[in-house]
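One-letter residues, chain by chain:
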Amino acid sequence: MCGTLCEMESGNIHNSYGHRIAAHGISFALVAVLAFGAGLAVGGNGSAASIVTRIPLIGDGLDATPNQSADLTDFWKAWNALDSNYVITHASSTLPSSKERLFGAISGLAASYGDPYTVFFPPAEAKQFADSISGSFAGVGMEIGMKDNVLTVIAPLKGTPAEAAGIKAGDQIAAIDGKSTDGLSIDKAISKIRGPIGTTVNFTIIRNGKALDIKVVRDTIQVPETNDGIDETSGVYHIALYEFTSNSASLFDQAFGRFKASGSKKFVIDLRSNPGGYLDAAVDIASHFLKKGATVVTEDFGGKESNKVHTSLGYGDLPAGTKIVVLIDGGSASASEILAGALQDTRTAIIIGTKSFGKGSVQTLMDLGDGSLKITVARWITPAGHWIMGNGVTPDIIVPFTQADATAKRDPQMARAIKFLTNATQ
């Protein structure tokens, strides 16, 4: 699935929207997964001497050892009370099966962690992850996430129905097809947004405190990759990256070659409204600017396993004396933040724009047989030790981009980048 840029670790595929795919789990997802040592060793008093033998793993590779410290009395009281007392109030309703009730309990367990990226969903929904990372899929063309517990547009993708309909980065999605998104997980929202080509999905959007109704017609989404060129007046060369897909590093290499051939020493990497993608692509691109072995990003597992440091390959092909600006905004997330954070912390580039989205966690997708569990297992940390999750990357030079700017078709962020690059005193 990942193409030539995926790395294999312990028999598992790894990429990066901040997700992963476990080898023992289902074989597709939004981003890669590293399987963890399945099972926990438990002892009577927790000491090393009392650790007992692990029970055999069940067919999906996960440990089914009951946690003896968990008192499930209230759970079974609730189960039995519902079973004995609940009365159907709508003619079209039916009682949930035991499996459906179990799914509901697991969903509640995952939700109790208070992390919008740790969720339970049935296997049928997993295909949506594969579609999201492929080169084309049916939908509206936008990335969504949680911001302050509100379903939020990270960014509409370039040239998609969502962008054409007026969806903006930072829009809060209050309702989908007239149904509130309160309590709706990201994965469930995606399933509601997807649909047959040519059909319409209705969004109620909150923007600057005002409610807007926006209709978007679903279509096959062709994800664009890059755009590059030189501004003849200033001599500034720019490369815009719209996503970090399996092809992005190769396409960036080609554009970077054109930059070097141009003779320019003034360079802009435009990551605005880039919602991220493959970690490998971000590391590969960073390798044009950082020396070999320099840290690009660290996966911090919170002590559950050893941290993994992703380092530059050190291509050493940046023309000497090149000045670099990276443009970011609230739609820059995940791999965009990894690249921007690495270049900022190593003082390789100046960051201009507005604060990025703040998607800096890693998920693993585990198969539970009749359902799948997506769990946050790590966080991204920049070379200087900054957590991306919830914090994002703060530009060195903050330049807003307003609706008035968009209406007037002016770009103050790019203008500020050009000013910086052409004025050696700044």
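The following paragraphs examine the structure supplied in this document. (Residues numbered from 1 in each chain as written. Predicted model: local features only at pLDDT ≥ 70, side-chain atom pairs only at ≥ 80, totals over all residues. Heavy atoms only, no water.)

Let's shift gears to the overall build of the protein. From N to C terminus, the protein includes ten helices and 22 strands. Burial analysis of the protein (426 residues in total) assigns 46% to the buried set. The contacts of the protein with a sequence gap of at least 6 include a subset with a gap of at least 24, amounting to 64%. Looking at the protein as shown, the accessible area adds up to about 20100 Å², and 54% of this sits on carbon and sulfur atoms. (Helix = DSSP H or I, 4+ residues; strand = E, 2+ residues; numbered from the N terminus. Buried < 20%, exposed > 50% of the residue type's maximum accessible area, 1.4 Å probe, protein only. Contact = heavy atoms within 4.5 Å. Areas by Shrake-Rupley, 256 points an atom, 1.4 Å probe, with all protein chains shown as cover.)

Attention now moves to unusual backbone geometry. If a residue is not glycine, its phi is most likely negative; likewise, a peptide bond is most likely trans. For S273, which is not glycine, the phi torsion reads 55 degrees and is therefore positive. Positionally, S273 belongs in the loop between β15 (266–270) and α7 (279–286). Despite not being glycine, K409 has its phi angle at roughly 55 degrees, a positive value.

Turning to the pairing of strand β6 (residues 142–147), a few remarks are in order. Summarising burial for β6: five of the six residues are buried, a large majority. Here six bridges tie β6 to strand β7 (residues 150–156), and the two strands are oriented antiparallel to one another. Across the sheet, I144 pairs through a bridge with V153, a residue of β7. Linkage of β6 to β7, two consecutive antiparallel strands, is achieved through a turn of two residues, within which D148 is found at a positive phi near 55 degrees. (Pairing = 2+ DSSP bridges.)

Ranked by internal contacts, the top residues of the largest apolar core, which has 41 residues, are F244, F267, L271, F289 and V326. Elements with a contribution of two residues or more to this core: β14 (236–241), α6 (248–262), β15, α7, β16 (295–300), β18 (323–328), α8 (335–345) and β21 (372–381). Not counting the four nearest positions on each side in its chain, L271 is found in contact with L241, F244, V326, L327, I328, S332, S336, L339 and A340. (Core = buried A, V, L, I, M, F, W, Y, C linked by side-chain atoms within 4.5 Å.)

Our focus in this paragraph is the sheet that holds strand β19 (residues 350–353). Overall, mixed pairing links the six strands, which are arranged β13-β14-β15-β18-β19-β22 in an open sheet. The sheet is open, and its two borders are formed by β13 (226–231) and β22 (397–398), each paired with just one other strand. Pairing geometry for β14 and β15, over four bridges, is parallel. Counterpart to H238 in the pairing with β15 is V268.

Below, the discussion takes up the environment of I375. Structurally, I375 can be placed in strand β21. With 262 residues separating them in the primary sequence, I375 and Y113 have C-alpha atoms 9.9 Å apart. With residues near it in sequence (within four places) discarded, I375 still touches T118, V362, Q363, T364 and M366.

This next bit is on the pattern of salt bridges. This structure, assessed with the given rule, holds eight salt bridges. K260 is the salt-bridge partner of D317, the closest N and O atoms lying 3.6 Å from each other. In this pair, D317 is assigned in the loop between β17 (308–311) and β18 and K260 in helix α6, connecting sequence segments 57 residues apart. The exposure class of K260 is partly exposed, given its relative accessible area of 36%. Residues joined in a network through salt bridges with shared partners are D270, R272 and D411. (Salt bridge = Lys/Arg side-chain N within 4 Å of Asp/Glu carboxyl O.)

A word on the environment of D171. Of note, D171 is situated in the loop between α4 (161–165) and β8 (172–176). Expressed as a C-alpha distance, the spacing of D171 and T204, which sit 33 residues apart in the sequence, is 9.7 Å. Those residues in contact with D171, other than ones at most four positions away along the chain, are L151, T152, V153, G166, I205, I206 and R207. Here R207 takes part through its side chain, which lies 2.7 Å from a polar atom of the side chain of D171. (Polar contact = N/O pair within 3.5 Å; in protein donor to acceptor, adjacent residues only side chain to side chain.)

Shape is all these values report; function is a separate question.
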